[in-house]
Amino acid sequence: MTKAMISQPMAGLTEQQIRDARRDAEQYAAGKGYTVVDSVLDLGNPEGINLGLFYLSKSLTILAECEVLVMCPGWDKARGCRIEKLCAEEYGLRVECL
């Protein structure tokens, strides 16, 4: 079983656009025989911390369980997605861009 995480931009997108992109990525992953690890995080907005780094740290923890990172369109314009891609590449995971 090959585990995959989906990396997708969210800033500036509607909830529907985010859901549609995730659905497309999940269908792509399923077609490749990957099991998608749930990386949808809703941990609130803890005070006194950098939220971007907080959520990035959580996504990297999930990425550590995976062999593949599936990148949704627009990843190259999203700082968190670019960092996830760099980490995946540096640690030998397969990266597939839609």
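Computed from a predicted structure; not experimentally measured.

1. Some words on the side chain of Arg22
Following the sequence through the fold, Arg22 ends up in helix H1 (residues 15–31). Note on Arg22: relative accessible area 10%, which makes it buried.

2. Section: helix H2 (residues 51–63)
Think of an α-helix as 3.6 residues a turn; residues three or four steps apart then line up on the same face. The end-to-end C-alpha distance of H2 is 18 Å, a good match for the 18 Å that 13 residues give at a rise of 1.5 Å each. For H2, the set of buried residues is Phe54, Leu56, Ser59, Ile62 and Leu63. Each element contacted by the buried residues of H2 is listed here: strand S1 (2–7), strand S3 (68–71) and helix H3 (79–90). A distance of 3.1 Å separates the backbone nitrogen of Gly52 from a side-chain oxygen at the start of H2, and that oxygen is part of Asn50.

3. Describing the layout of surface pockets
The computed volume of the largest pocket comes to approximately 890 Å³. Every residue lining the largest pocket is counted, 26 residues in all, and those nearest its centre are Gln8, Met10, Tyr55, Gly80 and Glu84.

4. So, the environment of Gly12
Relative to the elements of secondary structure, Gly12 occurs in the loop between S1 and H1. We classify Gly12 as exposed; its relative accessible area is 84%. Sequence-wise, Gly12 and Arg82 are 70 residues apart; in three dimensions their C-alpha atoms are separated by 16 Å.

Reading guide: rules and limits
Residues numbered from 1 in each chain as written. Predicted model: local features only at pLDDT ≥ 70, side-chain atom pairs only at ≥ 80, totals over all residues. Heavy atoms only, no water. Helix = DSSP H or I, 4+ residues; strand = E, 2+ residues; numbered from the N terminus. Buried < 20%, exposed > 50% of the residue type's maximum accessible area, 1.4 Å probe, protein only. Expected span 1.5 Å × (residues − 1). Contact = heavy atoms within 4.5 Å. Polar contact = N/O pair within 3.5 Å; in protein donor to acceptor, adjacent residues only side chain to side chain. 1 Å grid on protein atoms, 1.4 Å probe; cavity = no way out; pocket = protein on both sides within 12 Å on 5 of 7 lines; lining within 4 Å. Points joined across faces, edges and corners; volume = space filled by probe spheres on them.

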